[in-house]
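# Residue-level structure breakdown
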Amino acid sequence: MAKLDWLENNDYGERQTRKEYLLAALFLWGLALVILLVPVRSSAQNIYYINAAEDTPSITGHVVQLEPTMRRRKGLTGVKGGSYRAKIDIEYNGTPYYVTNVGFNFTRAMYEQALDSGEVPVYLNPQRPEKSVLSKGVPFMQYFLPGVFAALGIFLLGAGVYYLKRSRSS
């Protein structure tokens, strides 16, 4: 009966396999959490603030800082638009606010007009005036890409559940 040492090694191998499945599940959950919290949350928040200002009237803001950044983007129409850094001073209900979100559809013509006049229309978010925007509208790709990342995060959560079940049944 001394030749049954392989049974003890078999139990050790099963414990190692369970531990590896558990570590894989934890890794997948961590990766899903990062994906869901960083790109998906920030995109969803930006879309939310732009949609909150969609049906509100515009007020006039005074340009404090408005300059193009080095990044260039190409829209769905093929017309190159720029990315802008803005700091616009507005007053709402007697309280001053700074608006920094230009939105997705802020064009070169809007930029040049704002520089010439020193004023720019600001689409007000009445609940959070500091989250108002300089242009309305959200392109389709701004909905599509966060949706892809959200689906990937949900898939990784499901894969983590699968590996957790494997770690308990092995």
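Please refer to the structure placed before this passage.
Below: a short report on this structure. What you see is a predicted model, and the numbers here were worked out from it, not measured in a lab.

The final tally for this structure, using the stated rule, is four aromatic pairs. When the ring of Phe140 is compared with that of Phe144, the centres are 5.8 Å apart and the planes differ by 25°; the resulting orientation is stacked. In this pair, Phe140 and Phe144 both sit in helix H3 (residues 140-169), four residues apart, roughly one turn of the helix. A residue is classified by how much of its surface remains accessible, and Phe140, at 54% relative accessible area, is exposed. Ring-pair connections join several aromatic residues into one group, and the members of that group are Tyr21, Tyr162 and Tyr163. Of note, Lys87 hangs over the ring of Tyr98, and the distance from its end group to the ring centre comes to 4.6 Å.

Taken as a whole, this structure holds two salt bridges when the rule is applied. Between Glu112 and Arg108 there is a salt bridge, with the nearest N and O atoms lying 3.5 Å from each other. One end of the pair is Glu112 and the other is Arg108, both in helix H2 (residues 108-117) and four residues apart, which spans about a single turn. Overall, Glu112 belongs to the partly exposed group, its relative accessible area being 40%. Since its relative accessible area comes to 42%, Arg108 is described here as partly exposed. Note that Arg128 and Glu130 form a salt bridge whose closest N and O atoms lie 3.1 Å from each other.

What follows concerns the side chain of Ser135. Tracing the backbone shows Ser135 in the loop between strand E4 (119-123) and H3. Looking at Ser135, the relative accessible area reads 2%, which means it is buried. Among the polar contacts listed, one links the side chain of Ser135 to the backbone oxygen of Val102, at a separation of 2.8 Å. At a separation of 3.2 Å, a polar atom in the side chain of Ser135 contacts the main-chain amide nitrogen of Asn105. With near-sequence residues (within four places) excluded, Ser135 lies in contact with Ile50, Val102, Gly103, Phe104, Asn105, Phe106, Met110 and Tyr123.

Rules of the game
Residues numbered from 1 in each chain as written. Predicted model: local features only at pLDDT ≥ 70, side-chain atom pairs only at ≥ 80, totals over all residues. Heavy atoms only, no water. Phe/Tyr/Trp six-rings, centres within 6.5 Å; stacked < 30°, edge-to-face > 60°. Helix = DSSP H or I, 4+ residues; strand = E, 2+ residues; numbered from the N terminus. Buried < 20%, exposed > 50% of the residue type's maximum accessible area, 1.4 Å probe, protein only. Lys NZ or Arg CZ within 6 Å of the ring centre and 35° of its normal. Salt bridge = Lys/Arg side-chain N within 4 Å of Asp/Glu carboxyl O. Polar contact = N/O pair within 3.5 Å; in protein donor to acceptor, adjacent residues only side chain to side chain. Contact = heavy atoms within 4.5 Å.

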